[in-house]
Amino acid sequence: MTTDIWAWVRDAHRQLAEAGHHRLADAIVELPGHATEGRNDQLDALHPEAVAAARALGLPWVEVYLRHWRMQNLLNKRQQGEAVLPEAIDLLEFAHREETAGCPQSVCVVQDFAICHARVDGPGYVAERLEVVGETLDRIEPARACYDCLSREYSDALEDDGRAAEALDHLDTAANRMRAAGQQVSLRFHQARAGTLHLLGRYDEVLELLDTAERAEQAQGNQLDERDRRWGAALRARSLAALGRTEEAIALLPDRTEAERHADLRATWTQTVELLVTAGAWENDAELGAVLAGWAGYLDGVGAHRPCVDLLLAAGRLALARGARTVALTLAATGERKLTSLRRTDGVSEEVAALRAAAEALPEPELPVPPGELEAHLAQAGVPYETAADLLSVALDRYRGEQAGATGLAVLLATVLGGLGHDRAAADLLWQRLDADPGDRELTGTLGEVLIEAGDAEGVRRLADRLSADAPADGHWIRARWAAAEGRWAEALERCRTILALDDEVLNTRRLAARAATELGEHATAQRFYQELLERALPVDAAPAEEVHRQVQEPDLWHLITAATANRDWAVVRSTGALLDLEFDEPEGPVDEEWQLVTVRATRTNGTTADLPAVRTGPATARILPVLGEDLTLNHGDVVVFAPALLEHPPAEDAPEEERRRWRPVFRQLTLLDPAGYTTYWIDGGWPGDDTWAALRERLQEAGYAVWAYSGDQYRITDPAADEETLPGIYAAVGVPPTASAAEADALLHRLTGDWPHPLAWSALAEAAGADVARHEEIVERYGL
């Protein structure tokens, strides 16, 4: 089995493009990059359509390929486990059918199967992983790229069995076989070997290996990508921390936000930080504890049982060092629950038991006030969350007062636990209280929030079913909020309408109904809901303290403006704007002014997003500036309606002046209001110089056209007059207005660029104009465009 996977991909891409299946052709090229770089939104948008197209065209090899790369993303970048185990098993079966067995990607599916079981319980599935990966390694040649990946997977299984020295021997043997077969050992292989060396305590060798491997990679003409640099830094930081070189480790360790974005980085980041905390070089605070608890909660939810236990044990050790008794006990309880999901518990069960014993040995705090007064005391004194959790736990254990008081303390403790990252524990506590106090609406409301925040679908259903018998509106409300959290906007809107039929005075239900209508593009419905809300709510700043929740909120006014703008109800836009102290140039009619430069985030046809420069023309409208390609449904001059919420925060006041000067508000596009009707054609060729290009742009704009340059200084084209020399190039989009024909545009460009020393090519425009396309094809060929 020697098929080159990437040669097959190139052939498949060419054949699909030639057959007119351009979206699928693009998908097989783009999808691996999205998967390995963690561009999850783009992957999720692209994958379903691509798989459906492959099935419709009867291309099982392409289907294996697409499903494998998504599985790589789910297992590695998102660290999922049991949640995707059925898909991993199904994919393995599909990849070894008669019609797919010859697909070069079928071998890689074996790796998916092994990784998935490692996420569920690596040590528990060592035997199965070694068997399936070892059998595959025996039947493929070391010259294949798959040999590199599978050798690393075999080594990982040995490490999970506590056999790190054997794992290192395996990697070295595999590397020698690959080199003998003419296959270059990948940088990721070297990084895996560095991880094995770290397990063996050979930290200096880790640093030496990473330096040598990266130099060799670059000597081969390969630039380190973002992932390579990120992992090189993380692996170095961990070994430096183990060597006690803490300042160097901190300088290299990727920022926590990087670990937030890349779930595969979190285990190494946590190990490094724990070493730094032990050395007194990193602050062990409640914020760190909350981050680790949140990460462990994520792994719990996706069924990555073994990584979850490993992470919560690290979090537990740090909690013990902080003296955070309730947090440590909560982590121990989570560990005890997770042990039931592991196949092999030797060693780890003892660690969980030790965590509980150490947590129970921590001293309980003395209550500063009687239990019934604790809630008020905590609010007044501003007690830190972990301390508050300990005090509330003591109060609940000792409370002998009324049921309502105990429920209030439980709700507050659950809120605190949720704030510390322990959503599941918070929900468990509230479920216990609900059995004792089933009629408390604050209790059920808080439980609903916790369940939705935790993504607990079964918990939401259970609570909604429980509420529906005695409080049907409350049952519909939690289901509506859950539907909204999952983006099921039609269901959310229908649930809200049911609630309003039961109680016409509720405000938050109207807010959610209006949001759902907006997401569905039903802007008239959204406007009606917001206007009804204003009729029923108290005016801004007019509500007494006990009814402040019933007053109009400023976002309500902005959302009403947005909906009214989409409906061209300019009178409502202006009257609502007056409530926000907005000033307009004209007293009536459409709002079309020039306010400021903004960025509009639009969605491409493949589901990914694009940030587009625009001029804000009103409270909720902007005119698009660039000339755009067919991957977007917008173009130059189009006026769009955007959502009022900022998608990115402005720079801090102490940020560099240049950063603050260049910052532009970013808004999400909701709908197209007024299309300008421009058609895009691309021009390509030699850069004429700044003055000549500026003159072209000015003449085109005078004629009602638009132009937008996409190439930068790095764009070079072939110089036909000199071998191996290049010229600066220009690649730009020309926007042809609806008042001009393609033939007129073709003629205008000829007049404006005909005397340039290096001609431009515009093949698509020439074809649309019925002009001579051969001239443009010759330019493309001569200049290597």
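Below or above, wherever it landed, is the structure these notes cover. Predicted, not measured: the structure shown is a model, and the values here were computed from it. (Residues numbered from 1 in each chain as written. Predicted model: local features only at pLDDT ≥ 70, side-chain atom pairs only at ≥ 80, totals over all residues. Heavy atoms only, no water.)

### Considerations on the pairing of strand S9 (residues 726–736)
Within a regular strand, side chains alternate between the sheet's two faces.
Okay, step 1: Counting buried residues along S9, 8 of its 11 residues qualify, which places the element largely inside the surrounding structure.
Okay, step 2: When strand S6 (residues 679–686) meets S9, the two strands line up antiparallel, connected through 8 bridges. The residue bridging Gly686 from the neighbouring strand is Gly729, located in S9.
Okay, step 3: Bridging between strand S7 (residues 706–709) and S9 involves 4 bridges; their strand directions are antiparallel. (Buried < 20%, exposed > 50% of the residue type's maximum accessible area, 1.4 Å probe, protein only. Helix = DSSP H or I, 4+ residues; strand = E, 2+ residues; numbered from the N terminus. Pairing = 2+ DSSP bridges.)

### Quick word on the pattern of salt bridges
Okay, step 1: If you walk through the whole model with that rule in mind, you get 63 salt bridges.
Okay, step 2: Between Arg398 and Glu364 there is a salt bridge, and its shortest N-O distance comes to 3.5 Å. Linking Arg398 in helix H21 (residues 385–398) with Glu364 in the loop between helix H19 (348–361) and helix H20 (374–381), this pair joins segments that are 34 residues apart in sequence.
Okay, step 3: A salt bridge links Asp465 to Arg461; the nearest nitrogen and oxygen atoms lie 2.6 Å apart. Residue Asp465 and its partner Arg461 are located together in helix H25 (residues 457–468), separated by 4 residues, close to a single helical turn.
Okay, step 4: Note on Arg461: relative accessible area 40%, which makes it partly exposed.
Okay, step 5: Put simply, Asp504, Glu505, Arg510, Arg528, Glu532, Glu535 and Arg536 are held in one network by salt bridges that share partners. (Salt bridge = Lys/Arg side-chain N within 4 Å of Asp/Glu carboxyl O.)

### Some words on the packing of aromatic side chains
Okay, step 1: Taken as a whole and judged by the stated rule, the model has 9 aromatic pairs.
Okay, step 2: Where Trp269 meets Trp282, the ring centres are 5.9 Å apart and the plane angle is 90°; that geometry is what we call edge-to-face. Within this pair, whereas Trp269 is found in helix H15 (residues 266–278), its partner Trp282 is found in the loop between H15 and helix H16 (286–301), the two being separated by 13 residues in sequence.
Okay, step 3: The class of Trp269 is buried, set by a relative accessible area of 2%.
Okay, step 4: According to the relative accessible area criterion, Trp282 is partly exposed, its value standing at 28%.
Okay, step 5: When the ring of Trp687 is compared with that of Trp693, the centres are 5.8 Å apart and the planes differ by 40°; the resulting orientation is tilted.
Okay, step 6: On the accessibility criterion, Trp687 (29% relative accessible area) is partly exposed.
Okay, step 7: Accessibility expressed as a relative area gives 6% for Trp693, which makes it buried.
Okay, step 8: Here the aromatic residues Trp8, Trp61 and Tyr65 are joined through ring pairs into a cluster of three or more. (Phe/Tyr/Trp six-rings, centres within 6.5 Å; stacked < 30°, edge-to-face > 60°.)

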